[in-house]
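Here's the letter readout for the chains.
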Amino acid sequence: HKEPVAAQVKLIREFMPDLKNIGVIYTSSDDSSTAEYKEFKKLAEKAGITVKTYTITSTNDIDQVSATMASEVQAVYVPSDNTVASGFSTLVKNTNAKNIPIFPGVDSMIKGGGVATVSVSQYELGKLTGKMAAQELRGKNPATMPVETVKKGSTVINQKQADKLGLKVPASAIKQANEKGEKKQKKSDRVITLSLYSISSLTRLYSNCSASDSECSISSTRRHTWKACSSLCCIYLRITNKAALRT
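Being a predicted model, the structure only gives us computed values, none of them experimental.

Visitor: I'd like to hear about the overall build of the protein, residue by residue, with values.
Guide: Tallying secondary structure elements over the protein gives nine helices and nine strands in all. Expressed as a percentage of the 247 residues in the protein, the buried residues total 47%. Contacts in the protein between residues far apart in sequence, at least 24 positions, make up 69% of those at least 6 positions apart. For the protein, the computed accessible surface area is about 13100 Å², with 50% contributed by carbon and sulfur atoms.

Visitor: Help me get a handle on the pairing of strand β5 (residues 116-120), residues and values and all.
Guide: Extensive coverage of β5 is indicated by the burial of five of its five residues. In this sheet, strand β6 (residues 153-157) lies alongside β5 in antiparallel orientation, the contact comprising five bridges. Directly across from Thr 117, in β6, lies its bridge partner Val 156.

Visitor: Lay out helix α3 (residues 62-70) in plain terms, naming residues and giving numbers.
Guide: Among the residues of α3, those classed as buried are Ile 62, Val 65, Ser 66, Met 69 and Ala 70. What you see down the axis of α3 is that its buried residues fit within an arc of 130°, all on one side. Turning to α3, the residues buried within the fold contact β1 (21-27), β2 (50-56), β3 (76-78), α4 (82-86) and α5 (88-97).

Visitor: An account of the packing of α3 against α5 is requested, with residue identities and associated values reported.
Guide: The relative placement of two packed helices is expressed as an angle between their axes plus a distance between the axes. Between α3 and α5, the least distance of the axes is 9 Å, while the angle of their chain directions is 30°. Comparing their axes, α5 and α3 come out roughly parallel. Classified by chirality, the crossing of α5 by α3 is right-handed. Residues Ile 62, Asp 63, Ser 66, Ala 67, Met 69 and Ala 70 of α3 lie in contact with α5, whose contacting residues are Thr 90, Leu 91, Lys 93, Asn 94 and Thr 95. Taken together, the residues that form the contact of α3 with α5 break down as five nonpolar, four polar and two charged.

Visitor: Quick one: what's the story with the pattern of salt bridges, residue by residue and with numbers?
Guide: A side chain with one charge can pair with a side chain of the opposite charge if their charged atoms come near. Applying the stated criterion across every chain, the model contains two salt bridges. For Glu 45, the salt bridge identified is with Lys 41, shortest N-O distance 3.0 Å. Of this pair, Glu 45 and Lys 41 both sit in helix α2 (residues 31-46), four residues apart, which is roughly one turn of that helix. Accessibility expressed as a relative area gives 25% for Lys 41, which makes it partly exposed. Between Lys 93 and Asp 63 there is a salt bridge whose closest N-O contact spans 3.5 Å. Placement of the pair is Lys 93 in helix α5 and Asp 63 in helix α3, with a sequence separation of 30 residues.

Visitor: Please set out α5 residue by residue, giving values where relevant.
Guide: Residues spaced three or four apart along an α-helix point in a common direction, a consequence of the helix completing one turn every 3.6 residues. By the burial criterion, the buried members of α5 are Phe 88, Leu 91, Val 92, Asn 94 and Thr 95. Buried residues of α5, viewed axially, fall in a sector of 170°; they line one side. Away from its buried face by more than 90 degrees, α5 exposes Ser 89 and Ala 97. On its buried face, α5 is in contact with β1, α3, β3, α4 and β4 (102-104). Taken from the residues just after α5, Asn 99 is the one with a positive phi, measuring 60°.

Criteria and thresholds
Residues numbered from 1 in each chain as written. Predicted model: local features only at pLDDT ≥ 70, side-chain atom pairs only at ≥ 80, totals over all residues. Heavy atoms only, no water. Helix = DSSP H or I, 4+ residues; strand = E, 2+ residues; numbered from the N terminus. Buried < 20%, exposed > 50% of the residue type's maximum accessible area, 1.4 Å probe, protein only. Contact = heavy atoms within 4.5 Å. Areas by Shrake-Rupley, 256 points an atom, 1.4 Å probe, with all protein chains shown as cover. Pairing = 2+ DSSP bridges. Arc of directions from axis to C-beta. Axes fitted to C-alpha atoms, helices over the stretch in contact; angles between N-to-C directions. Parallel < 35°, antiparallel > 145°, perpendicular 65-115°, else oblique. Left-handed = near helix turned anticlockwise from the far one by under 90°. Nonpolar A, V, L, I, M, F, W, Y, C, P; charged D, E, K, R; others polar. Salt bridge = Lys/Arg side-chain N within 4 Å of Asp/Glu carboxyl O.

Pasting the structure below:
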């Protein structure tokens, strides 16, 4: 999937309207994060923000590079980067020491000390993946199916981190975070998206299920472990705490 970088730049500007420069730290050998960095740089500079680049080759570089970066910039942006994510706590330690906010490219870094982001909703990604999987189960040839992406991102904010750094969360960001796009599931349910399982795995699950056939809107003949949500026509599947995974 592709992160909504333009929306991320806009969010950063809303948090810091007077921002003059921002540092970007990423792994130089990671093609995905490099591409995301290039897109961010182009859009940020178009918005009047000078981008300073800091690259690493492994997690061993994060401490020294981020310490230098934190003393030279007003904020930090982190693209989708597994290496940086692995050493994210070190990055946060150094930026917190200089009171520098981090705006990650993915929502998984928010809990660890990022301030805010607009990231692809895993919920929406699961819905889209489930829809495509359902089409394949109904006999559609995957080779003829177009590549689809989630176009809507979800705004995620770490209020505690923003307060710690003295950043006021803009009303526009709060409104975006509270929009319908970011859905919360009941604690009694676990949502597992079809993107985590192959079609063959799902077929095996169908054959081991004790649920009634009528619960499946994909097939009237195969039994399955997953109770489909009828309102979404099997776009995502839900497992209750009482249901057991059978792999």
